[in-house]
Amino acid sequence: MKGLELSRAFWEDAVRPAIRETCPVLLPRLAAGLCGGGSDCLGCDDELSHDHGYAAGCMLFLAPEDAETHGFLLSALYDRLPREFLGVKTEHRSRQGNGRYGVKTTEQFLLEQTGLFHTPETWREWMAIPSYALAAACAGEIFYDGSGDMTGIRETLRTGMPEDVRVKKIAGHAVLMAQSGQYNVSRRRHGEEGAARLACCEFVNHTLAMLFLLNERHMPFYKWAFRAAKELPKLSKLIPTLEALLREPDEDTIERVSAAVIEELRAQGLTDGGWDFLEPHAYAVMRRIRNPEIAALHIMEV
């Protein structure tokens, strides 16, 4: 059984009935789910994933003010739940909010995922949060949300990035794709095979980041990026090609990938230039930025 399925069953069959019986007044004030980092939240877990971190459990979220008055009671209830569920051990942690499962405040979740006590409010905050952190915060599922707070928080993290920030990141990855792939993979002609392969890896990494941005998605942690990219609506056809580039750098293939990205940049109205090289397109993208502070950032800042 996949982790999300197990967690949902644990909530439905063990946790919610216990809350309904013991302290039903809390149901309208809490949210339950499994979200954050981990292959199970991304739907990437399999049988091999069960050798680490596989347990029956869920997260219970309270607003900070509710945690002050009800948090201990809810934590005590959670700690009294069965130590095994559907043949899988349950994981119990301390009542101070440590660990993955159990009671957390919405502020604690945001701090763990983004480094902020609140959803990002300024473009600088959005620029500072790594894509993989935003992807983790949006991953998984909320099974129940009595207050609606967690649903709103995750929706803001999923869709709330200012367009100028997205465009700036696209420009940065475009110029880095040009530098690493269209320019520096040629180091193998100088007999520098290691430099060429490293440049190709950089090209693939920045291309993956570009694909997620063009799809208005957050790219997850690198080990799950390829798997998640295969589900993207736009340009997912490039993924087998990018995987092939990691096995063998090829300048012609890099040009084909770059051409496909340029075509999508044009389709989104981010450039109208006719260049084959990505670097001038990056500067064309920068000119689409309306916020003067963001427009003044270094071209390579992502």
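Worth saying up front: this structure is predicted, and the values here are computed from it rather than measured.

Student: I keep staring at the overall build of the protein chain and nothing clicks. Help me out?
Tutor: Assigned secondary structure in the protein chain consists of 13 helices and six strands. Each of the three principal axes of the protein chain carries a C-alpha extent, and together these read 70 × 45 × 30 Å. In the protein chain, which comprises 302 residues, the proportion classed as buried is 52%. The contacts in the protein chain between residues at least 6 apart in sequence include a share of 67% that link residues at least 24 apart. On the protein chain, roughly 14500 Å² of surface is accessible, and the fraction owed to carbon and sulfur atoms is 51%. Within the protein chain, the 43 negative side-chain charges are centred at a point lying 1 Å from the centre of the 34 positive side-chain charges.

Student: What's the story with the nonpolar core in this structure? I'm lost.
Tutor: For soluble globular proteins, the rule of thumb is that nonpolar side chains tend to be buried together. If you look at the biggest cluster of nonpolar residues, it comprises 98 residues, and the most contacted ones within it are Trp11, Ile19, Leu60 and Leu242. Sorting elements by how many residues they give to this core places helix H8 (residues 193-214) first, with 11 residues. Those residues within four positions of Leu242 in sequence are excluded, and the remaining contacts are Phe203, Val204, Thr207, Leu208, Leu211, Phe226 and Val257.

Student: Quick question: what am I supposed to make of a negative patch on the surface here?
Tutor: On the surface, Glu65, Glu68, Glu107 and Asp149 cluster together to form a negatively charged patch. Tracing the sequence through the fold places Asp149 in helix H6 (residues 149-159).

Student: Quick question: what am I supposed to make of the sheet that holds strand S2 (residues 59-62) here?
Tutor: On the basis of which strands lie adjacent, the open sheet formed by four strands has the order S5-S2-S1-S6 and mixed pairing. With partners counted over all chains shown, the strands left at the sheet margins are strand S5 (102-105) and strand S6 (140-145), one partner each. When strand polarity is set aside, the average angle formed by the axes of neighbouring strands in this sheet is 30°. In this sheet, S5 lies alongside S2 in parallel orientation, the contact comprising four bridges. Along S5, the bridge assignment pairs Met59 with Gly102. Sitting on the sheet, helix H3 (residues 106-114) is in contact with strand S1 (30-35), S2 and S5, with an inclination near 85° to S5.

Student: I would appreciate a short explanation of the packing of helix H5 (residues 131-138) against H6 in the present structure.
Tutor: When two helices pack together, you describe them by how their axes are tilted relative to each other and by the distance separating the axes. The contact between H5 and H6 brings their axes to 9 Å, and the two run at 145°. As H5 packs across H6, the resulting crossing turns out to be left-handed. The segment H5 lies against H6, with Leu134, Ala137 and Cys138 engaging Arg154, Leu157 and Arg158. A breakdown of the residues in the contact of H5 with H6 according to their chemical character gives four nonpolar, no polar and two charged.

Student: In this structure, what is going on with a nonpolar patch on the surface? I would like to understand it.
Tutor: On the surface, a nonpolar cluster with roughly 360 Å² of combined accessible area is contributed by Tyr132, Phe221 and Tyr222. Structurally, Tyr222 can be placed in helix H9 (residues 222-229).

Student: Even after reading the chapter, I still don't get unusual backbone geometry, so can you show me in this structure?
Tutor: Most peptide bonds are trans, and most residues other than glycine sit at a negative phi. Phi angles above zero are rare outside glycine, and Leu86 is one such case at about 55°. In this structure, Leu86 sits in the loop between strand S3 (84-85) and strand S4 (88-89). Phi is positive for Glu216, which is not a glycine, with a value near 55°. Mapped onto the secondary structure, Glu216 falls in the loop between H8 and H9. Look at Glu216 and you get exposed, because its relative accessible area is 55%.

Student: Sorry if this is basic, but what is going on with helix H1 (residues 3-22) here?
Tutor: In an α-helix, one turn spans 3.6 residues; hence positions three or four apart end up facing the same way. Its 20 residues place the ends of H1 27 Å apart at the C-alpha level, agreeing with the 28 Å of an ideal helix rising 1.5 Å per residue. The largest bend in H1 amounts to roughly 40° and is located at Trp11. Considered for burial, the residues of H1 that qualify are Gly3, Leu4, Leu6, Ser7, Ala9, Phe10, Trp11, Ala14, Val15, Arg16, Ala18 and Ile19. Buried positions along H1 lie against S1, S2, helix H2 (64-79), S3, S4 and S6.

About the thresholds
- Residues numbered from 1 in each chain as written.
- Predicted model: local features only at pLDDT ≥ 70, side-chain atom pairs only at ≥ 80, totals over all residues.
- Heavy atoms only, no water.
- Helix = DSSP H or I, 4+ residues; strand = E, 2+ residues; numbered from the N terminus.
- Buried < 20%, exposed > 50% of the residue type's maximum accessible area, 1.4 Å probe, protein only.
- Contact = heavy atoms within 4.5 Å.
- Areas by Shrake-Rupley, 256 points an atom, 1.4 Å probe, with all protein chains shown as cover.
- Lys, Arg positive; Asp, Glu negative; His and termini not counted.
- Charge placed at Lys NZ, Arg CZ, Asp CG, Glu CD.
- Core = buried A, V, L, I, M, F, W, Y, C linked by side-chain atoms within 4.5 Å.
- Patch = residues over 30% accessible without salt bridge, like charges linked within 9 Å, V, L, I, M, F, W, Y side chains within 5 Å.
- Salt bridge = Lys/Arg side-chain N within 4 Å of Asp/Glu carboxyl O.
- Pairing = 2+ DSSP bridges.
- Axes fitted to C-alpha atoms, helices over the stretch in contact; angles between N-to-C directions.
- Left-handed = near helix turned anticlockwise from the far one by under 90°.
- Nonpolar A, V, L, I, M, F, W, Y, C, P; charged D, E, K, R; others polar.
- Expected span 1.5 Å × (residues − 1).
- Bend = angle between axes of the 7 residues up to and from the residue.

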